[in-house]
Amino acid sequence: VRNSIKAACTRLLPFRNGGVEDVVPQLALAAKQVHCSNGRLDLTSPSWQLDCITLLSCIDWAGRALKSPIGSRKYREEFTINYRALFPDMCSRHYRVDIFEAALQWNCTRWVNGERFDLAVETAQSAEGLQSAWAALNSSLAELGADSHAKIKGGVTTKLREVLSAFDVAWAHFEHKYIIELIDIEVAARGLVLAAVKEEQQLKELERSQATGTEGEAQLRSQRSQFLARLSRLNSAANLSWKGHHDRGAEVLEMALEALKDLNSTTLQDCSKNALSSHNAQVERVVMHVLANGVVEAFEKVRGYIHEVSSSIDSVHPHLCNNDGLVSQMSTWTDSWELASRFMEPAPLLKAVCEVIGAIHTSRRFIPSFATMFEECDVELFLVLPRLVWLWFLTDPDRHVELMRRLVPHHLDCQLEPPARDEQLDAFTRSFNRLMKALVDTLSDHGVDKLCRATEAKQRAWEVLVARVVAGPSVMQNTSLKSLTEAAAANKTSRFDADTGVDIELASAAAALESFVYELERWSIELQRHCPEYWCQCSSVLVRCLAKEELGTMELPNAPQPSPPTSAAVCPPASIIAVAAAGGNFSSWWA
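Rules of the game
Residues numbered from 1 in each chain as written. Predicted model: local features only at pLDDT ≥ 70, side-chain atom pairs only at ≥ 80, totals over all residues. Heavy atoms only, no water. Helix = DSSP H or I, 4+ residues; strand = E, 2+ residues; numbered from the N terminus. Buried < 20%, exposed > 50% of the residue type's maximum accessible area, 1.4 Å probe, protein only. Areas by Shrake-Rupley, 256 points an atom, 1.4 Å probe, with all protein chains shown as cover. Core = buried A, V, L, I, M, F, W, Y, C linked by side-chain atoms within 4.5 Å. Contact = heavy atoms within 4.5 Å. Salt bridge = Lys/Arg side-chain N within 4 Å of Asp/Glu carboxyl O. Expected span 1.5 Å × (residues − 1). Arc of directions from axis to C-beta.

J.: I tried to follow the overall build of the protein on my own but got confused; where do I start?
T.: Scanning the protein from terminus to terminus reveals 24 helices and six strands. The burial tally for the protein puts 48% of its 591 residues in the buried class. If you sum the accessible surface of the protein, you get close to 29,000 Å²; carbon and sulfur atoms cover 52% of it.

Okay, structure coming up:
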């Protein structure tokens, strides 16, 4: 549009101060250059904007040159501040392309924020009047031709002046009716915001009154529900990315407030007094706090935005989806309560999420590089998380199925209880079990003075597996062999390959580990891609909970002291595996 205006001004500069002899022929030429289709102006033409700006400017200048009377613009005093900026005074014509287009392509219906608005019959009649006035003006200009100076000196100027005056009166009449109708529509469209503002103010007054007791709590819940009902309607109009799910915002908010109230009444130390379930209780406390606090914070931010916008309601675009701030707040609020409603209930899912968070948290204790990923917000963290979720599932598929039935439902027959695994997932589970048996057997056979007993061998095997999975398939292929070699002290019963000098049993276990890591990567990608929205929400919960300081200071369940390295070999800088094999605890929950 800016380029069109510049081009039009360039066209009109040579005769901006010209007389009748210059302006009128140019007006006739401008009318002739506007593209027509079947005798009507072609508003779809690529040059329409430029041609129309030129035409309307020529009409304005021709009216001034011919001293054509200007229709009254007194009605512009009724316009809102936004429209007064477009029509700044009462004495100028200010012909605009959008007004001309609205009259030529008249449609009595307007859709704003999903609501239908039918314009008045009088406005439609004024649009027809402007169309007729334009047809008369165009007909008069066609008679003049592009450069008929002789005709202009005759009695044609009087007729042209009358036609221009009639066109201006018709234009002013349509402009008045049409803009007033638009203002009424905008007021109705902003009414959604105003209704929310009113409900928020009432909620704030009720909170200031410090109503207590059962009756006071009931009043607060009722007012919050009314405010959220307004937000729901506002969200459906402004947040076009929302999929229109059943809005449970009020229900989830009350659940979140109640959860925070219960959490604030107890401390982390209170949870740790129960030795039987202290670990699970502490993890659940963190998860509930993250989800509930996210809902309450998003709710308060929405309230803050609604309160702020109440003082500048005219700046709100009537098409609510064009208000970036409103859309952002609505999206954040919707995401928060959907996330909480999905993971705070049912109870089996919440338990599964708590278990996987506890498992991943424990792995950070003996894999320094994994802990560093959290500290530095490394993007590789989001490649590691689905691998660890799969390992957590494989340790006990029947007990850990609640989360996976939502992430990879196509591999589970959810009609059965517990859900049955399909052939592919069942084969993957058997592959994991064979690998763990091979690793445990290998590390048990390579103990010195039977130091690596069955439990410790299982723990070491798990540590080596998790550390190798965190490293990913992109590391050197001999990494698994190095980690197994450092996790087990070779004794006199070892059998070495005569050519390579490598322990045959360790090499076989390392090859199986490498094969499993590559197989796991395929399943990891499928986990992320099959239900991407659900996985994004799940990973969001995992990362936010694992970032909580309370989780970092949580005492691990049955955590023995890390065993010292059984070999004096130094871990290669390029691999984290030897560090993981040095000791730690991750297998207590797997055992």
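J.: Teacher, can you tell me more about the nonpolar core here?
T.: Here is a general trend for soluble globular proteins: nonpolar side chains tend to be buried in one another's company. Ranked by size, the top nonpolar core spans 109 residues in total, and within it Phe343, Phe370, Trp390, Leu391, Leu403 and Leu465 carry the most contacts. Ranked by residue count, the leading element in this core is helix α12 (residues 278-309), at 15 residues. Contact partners of Leu403, with chain neighbours within four places excluded, come to Phe343, Leu349, Ala352, Val356, Trp392, Tyr534 and Cys538. Grouped together as the second largest cluster of nonpolar side chains are 53 residues, Val24, Ala102, Val112 and Leu144 included.

J.: What should I look at first to understand the pattern of salt bridges in this one?
T.: Side-chain pairing between opposite charges can occur once the charged atoms of the two side chains come close. In the structure shown here, the tally under the stated rule is 26 salt bridges. Ionic pairing is found between Glu200 and Lys204, a salt bridge with its closest N-O pair at 3.8 Å. Taken together, the positions of Glu200 and Lys204, both in helix α8 (residues 156-208) and four residues apart, correspond to about one turn of that helix. Classification of Glu200 as buried rests on a relative accessible area of 2%. Here the salt bridges do not stand alone but share partners, grouping Asp60, Arg64, Arg73, Arg93 and Asp168 into one network.

J.: What am I meant to see in helix α14 (residues 347-366) here?
T.: Because each turn of an α-helix spans 3.6 residues, side chains separated by three or four positions in sequence point in the same direction. The end-to-end C-alpha separation of α14 is 30 Å, in line with the 28 Å expected for 20 residues at 1.5 Å each. In terms of burial, α14 is largely enclosed, as 16 of its 20 residues are buried.

J.: What should I look at first to understand helix α15 (residues 368-376) in this one?
T.: Residues of α15 that are buried include every one of Phe370, Ala371, Met373 and Phe374, and no others. Looking down the long axis of α15, one finds its buried residues gathered within 150° of arc, a one-sided arrangement. Away from its buried face by more than 90 degrees, α15 exposes Glu375 and Glu376.

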